[in-house]
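Architecture at a glance
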Amino acid sequence: MKEHSDKIIAVTAVIILYTIFLNSIGCPIKFTTGVSCMGCGMTRALWAAVRLHFTDAFYFHPLWPLVIVWIPVFIFRKKINKNAFKAFLTFTIAAFIVVYFIRMFDPHNHVVVFEPQNSILGRFN
């Protein structure tokens, strides 16, 4: 029972911190480093999809449908063949890496940025 309550506390803490960051500084990684992470735009993409604004969802993060696919995969991971699970995990990681670099070097993409000078660390220099 202790293990279960620890997980609930951890998830609650993450949700609270995430909410604080989104409402004040935005992404903590981008705020600290000035560099977007591979999941940058995913929250905005999912919110756009919930509102049925699919064009916006794909603009914010083109891999947002993978999150929806991952929900049942994660829930039923013990029932899925280990090799199939590892293959899907590898595919997902590779897709995020490829899409990240494409978005990073796309001059029309304003979601993923490399601006270390605008980070909290960059302001100290």
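Treat the numbers as computed from the prediction; the structure is a model and nothing was measured. (Residues numbered from 1 in each chain as written. Predicted model: local features only at pLDDT ≥ 70, side-chain atom pairs only at ≥ 80, totals over all residues. Heavy atoms only, no water.)

**Things to note about the packing of aromatic side chains**
Stated precisely, the cut-off is as follows: Each aromatic pair joins two rings of Phe, Tyr and Trp (for Trp, the six-membered one) with centres within 6.5 Å, and gets the label stacked for planes under 30 degrees apart, edge-to-face for over 60, and tilted for any other angle. For helices the rule is a DSSP run of H or I covering at least 4 residues; for strands it is a run of E covering at least 2, with both sets numbered from the N terminus onward. Remark: exposure states derive from per-residue accessible area (1.4 Å probe, protein chains only) relative to the maximum for the residue type, with buried under 20%, exposed over 50%, and partly exposed in between. In this scheme, the term charge over a ring applies when either NZ of a lysine or CZ of an arginine sits within 6 Å of the ring centre and within 35 degrees of the ring normal.
The final tally for this structure, using the stated rule, is seven aromatic pairs. An angle of 20 degrees between the planes, with centres 6.3 Å apart, marks the rings of Phe-88 and Phe-91 as stacked. With Phe-88 and Phe-91 both in helix α6 (residues 82-105) and three residues apart, this pair spans about one turn of that helix. Owing to a relative accessible area of 48%, Phe-91 belongs among the partly exposed residues under this scheme. Aromatic ring contacts, followed pair by pair, group Trp-70, Phe-85, Phe-88 and Phe-91 into a single cluster. For Arg-77, the ring lying beneath its charged end belongs to Phe-74, and the centroid distance is 4.0 Å.

**Quick notes on the confidence of the model for the protein**
Note the following rule: The predictor rates its confidence in each residue with pLDDT, a number between 0 and 100.
Of all residues in the protein, 89% attain a pLDDT of 70 or more, and the chain-wide mean is 85. By mean pLDDT, the top-scoring element of the protein is helix α4 (residues 54-60) (95), and the lowest-scoring one is helix α1 (residues 2-24) (72).

**Quick word on helix α3 (residues 42-50)**
Selection rule: The directions considered for the arc run from the helix axis to the C-beta atoms. Any pair of residues with heavy atoms lying within 4.5 Å of one another is described as a contacting pair.
Of all the positions in α3, only Met-42, Ala-45, Ala-48 and Ala-49 are classed as buried. In an axial view of α3, the angular spread of the buried residues amounts to 125 degrees, which keeps them on one side of the axis. What points out from α3, more than 90 degrees from its buried face, is the exposed set Trp-47 and Val-50. Buried residues belonging to α3 abut α4, α5 (64-75) and α6. At the exit of α3 stands Leu-52, carrying a positive phi of roughly 65 degrees.

**Structural notes on unusual backbone geometry**
With a phi angle near 65 degrees, Leu-52 is a residue other than glycine that sits in the positive phi range. If you trace the backbone, Leu-52 turns up in the loop between α3 and α4. Among the residues examined, Leu-52 registers a relative accessible area of 61% and is labelled exposed.

**Some words on a positive patch on the surface**
Note the threshold: Each patch is built from salt-bridge-free residues with over 30% relative accessible area, joining like charges within 9 Å and nonpolar side chains (Val, Leu, Ile, Met, Phe, Trp, Tyr) within 5 Å. Computed by Shrake-Rupley with a 1.4 Å probe, the accessible areas treat only the displayed protein chains as cover when residues are assessed. Salt bridge criterion: a side-chain nitrogen from Lys or Arg within 4 Å of a carboxyl oxygen from Asp or Glu. The charged-residue count follows a simple rule in which Lys and Arg add positive charge and Asp and Glu add negative charge, with His and chain termini not counted at all. Here the site of a charge means atom NZ of a Lys, CZ of an Arg, CG of an Asp or CD of a Glu.
A cluster of like positive charges, contributed by Arg-77, Lys-78, Lys-82 and Lys-86, occupies part of the molecular surface. Relative to the helices and strands, Lys-86 resides in helix α6. You can call Lys-86 exposed: its relative accessible area is 53%.

**With respect to the state of the cysteines**
As a reminder, the rule being used: Any pair of cysteine sulfurs within 2.5 Å is marked as a disulfide.
Enumeration over the complete set of coordinates arrives at zero disulfides. Sulfur of Cys-40: no disulfide; nearest cysteine sulfur belongs to Cys-37 and is 5.7 Å away.

**Concerning the side chain of Asn-109**
Using the following cut-off: The term polar contact refers here to a pair of N or O atoms within 3.5 Å; inside protein, the definition further demands a hydrogen-donor-capable atom paired with an acceptor-capable atom, and it admits residues adjacent in sequence only when both atoms are side-chain atoms.
Within the fold, Asn-109 resides in the segment after α6. A distance of 2.9 Å separates the side chain of Asn-109 from the backbone nitrogen of Val-112, its partner in a polar contact. Apart from the residues within four sequence positions on either side, Asn-109 is in contact with Tyr-59 and Arg-103.

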